[in-house]
Amino acid sequence: MKSIVVLISGRGSNLAALIAACRSEAWPAKIVAVISDRDAPGLLLARAQGIETQVLPFAGFASRELYDEALAGTIESYRPELVLLAGFMRILSHRFVERFAHRLLNIHPSLLPAFAGLNAHRRALAAGVRIHGATVHFVSTVVDGGAIVAQAAVPVFADDDEQRLEERVRAAEHQLYPRVVRWFIEDRLRVQDGKVELLGEQEPMQLGLGPAT
Ligand code: GRF
């Protein structure tokens, strides 16, 4: 049984999708704790499912390094094999990222490397792209820059606004993140030279695109 710790700052819809998949697909894994830097709505969702929660606000810490040290200690107290960022709105220090290297995943709301950073949907609309999406990647010291595991693509329509596009991407995220986490739990991910390989029976590492012809 692998232990998973999830970090959130917001509503936790990806967290909900992960909890649901973990249960319904009977993963050999357990979400042992959800940690937030604020009183996030997603914490209620975790508590309702009987998952331990912790809130660690930045206020009171003199620097990012000290905060990240405390955060790392809280995470490590659960001895997780995997740490998931699911809308955690803090940039993590290099030291933190290195400490959790190879067991730290993030979901970003764009087809990386396009639109790394904040307001990805707004920037995608402004750029006029026709295809947008989400990416799950290992976290490296470059923000939104680690090895890409899998991506989900969605169309962008002429009459989209930020909210509609965000909802479409969010629905795709809820398919994508649980799938990748399951691969991790099954020890099927290998990273070599910055590229991720999926071991075993081949499954598409991209969602939302038709079959290759
Ligand atoms: C998602 O769009 C994710 O890609 C980004 O933060 C958002 C979290 O949403 N990293 P939620 O809290 O899971 O609903």
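Residues numbered from 1 in each chain as written. Predicted model: local features only at pLDDT ≥ 70, side-chain atom pairs only at ≥ 80, totals over all residues. Heavy atoms only, no water.

A.B. asks: I'd like a rundown of the packing of aromatic side chains, residues and numbers included.
C.D. replies: Evaluation of the coordinates by the stated rule reveals 4 aromatic pairs. Ring geometry for F58 against Y67: centres 5.7 Å apart, planes inclined by 65°, an arrangement best described as edge-to-face. Seen in terms of ring centroids, F61 and Y67 are 5.3 Å apart; in terms of plane orientation they differ by 90°. Their pairing is edge-to-face. Overall, Y67 belongs to the buried group, its relative accessible area being 0%. Every member of this aromatic cluster is reached through a ring pair, and the members are F58, F61 and Y67. The side chain of R90 reaches across the aromatic face of Y67, ending 4.4 Å from its centre. (Phe/Tyr/Trp six-rings, centres within 6.5 Å; stacked < 30°, edge-to-face > 60°. Buried < 20%, exposed > 50% of the residue type's maximum accessible area, 1.4 Å probe, protein only. Lys NZ or Arg CZ within 6 Å of the ring centre and 35° of its normal.)

A.B. asks: So, the domain arrangement of the protein: which residues are in play, and what are the values?
C.D. replies: Taken domain by domain, the protein holds domain 1 (1-100) and domain 2 (109-213). On a C-alpha basis, the centroid separation for the pair domain 1 and domain 2 is 20 Å. Between domain 1 and domain 2, the contact holds 22 residues from the first and 16 residues from the second. Buried area between domain 1 and domain 2, both sides added, is near 1,700 Å², and the carbon and sulfur share of it is 70%. For the interface between domain 1 and domain 2, the tally reads 2 salt bridges. For E25, the salt bridge goes to R182, with nearest N and O atoms at 2.8 Å. (Domains from an automatic or database assignment. Contact = heavy atoms within 4.5 Å. Buried area = accessible area lost by both parts, 1.4 Å probe. Salt bridge = Lys/Arg side-chain N within 4 Å of Asp/Glu carboxyl O.)

A.B. asks: Mind laying out the pairing of strand 4 (residues 82-85), listing which residues take part and the relevant values?
C.D. replies: Both faces of strand 4 are covered, namely the face carrying L82 and L84 and the face carrying V83 and L85. Looking at chain direction, strand 1 (residues 2-8) and strand 4 are connected through 4 bridges and run parallel. Note on strand 4: the bridge partner recorded for I4 is L82. Taken together, the 3 bridges between strand 4 and strand 5 (residues 104-108) define a ladder with parallel strand orientation. (Helix = DSSP H or I, 4+ residues; strand = E, 2+ residues; numbered from the N terminus. Pairing = 2+ DSSP bridges.)

A.B. asks: Break down the pattern of salt bridges for me, with residues and values.
C.D. replies: For side chains of opposite charge, pairing can occur when their charged atoms come near one another. This structure, assessed with the given rule, holds 15 salt bridges. Of the charged contacts, one joins E186 and R182 as a salt bridge, the two residues approaching to 3.0 Å between their closest N and O atoms. R182 sits in the partly exposed class, given a relative accessible area of 32%. Linked by salt bridges that have partners in common, E25, R182, E186, R188 and E203 make up one network.

A.B. asks: Requested: an account of the site of the ligand, with residues and values cited.
C.D. replies: What surrounds the ligand is the set R11, G12, S13, N14, G87, I107, H108, P109, R170 and E173. N14 has a polar backbone atom sitting 2.8 Å from an oxygen atom of the ligand. In the environment of the ligand, an oxygen atom lies 2.8 Å from a nitrogen or oxygen atom belonging to the side chain of E173. Spatially, the ligand is embedded in the largest pocket. Where the shell around the ligand is concerned, the elements lending two or more residues are helix 1 (13-24), strand 5 and helix 6 (162-185). (Near = heavy atom within 4 Å. Polar contact = N/O pair within 3.5 Å; in protein donor to acceptor, adjacent residues only side chain to side chain. 1 Å grid on protein atoms, 1.4 Å probe; cavity = no way out; pocket = protein on both sides within 12 Å on 5 of 7 lines; lining within 4 Å. Sits in = over half its atoms within 2 Å of the grid points.)

A.B. asks: Explain unusual backbone geometry to me, and be specific about the residues and the numbers.
C.D. replies: In the segment running from L112 into P113, the intervening peptide bond is cis, with an omega of 10°. Its location among the elements puts P113 in the loop between strand 5 and helix 5 (120-127). Notably, A26 is not glycine yet its phi reads approximately 50°, a positive angle. For A26, the position within the fold is in the loop between helix 1 and strand 2 (29-36).

A.B. asks: Can you explain the layout of surface pockets? Please cite residues and give values.
C.D. replies: What the largest pocket holds in volume is close to 1,000 Å³. Elements with a minimum of two residues in the lining of the largest pocket: helix 1, strand 5, helix 5 and helix 6. No other element matches the 4 residues that helix 6 contributes to the lining of the largest pocket. In terms of residue class, the lining of the largest pocket is built from 15 nonpolar, 16 polar and 8 charged. (Points joined across faces, edges and corners; volume = space filled by probe spheres on them. Nonpolar A, V, L, I, M, F, W, Y, C, P; charged D, E, K, R; others polar.)

A.B. asks: Give me the sheet that holds strand 7 (residues 148-155): which residues, what numbers.
C.D. replies: Across the sheet, 8 strands lie side by side as 3-2-1-4-5-6-7-10; this open sheet has mixed pairing. What marks the edges here is a single partner per strand, and that holds for strand 3 (52-55) and strand 10 (206-207). Helix 1 contacts strand 1, strand 2, strand 4 and strand 5 of the sheet and is inclined by roughly 165° relative to strand 2. (Axes fitted to C-alpha atoms, helices over the stretch in contact; angles between N-to-C directions.)

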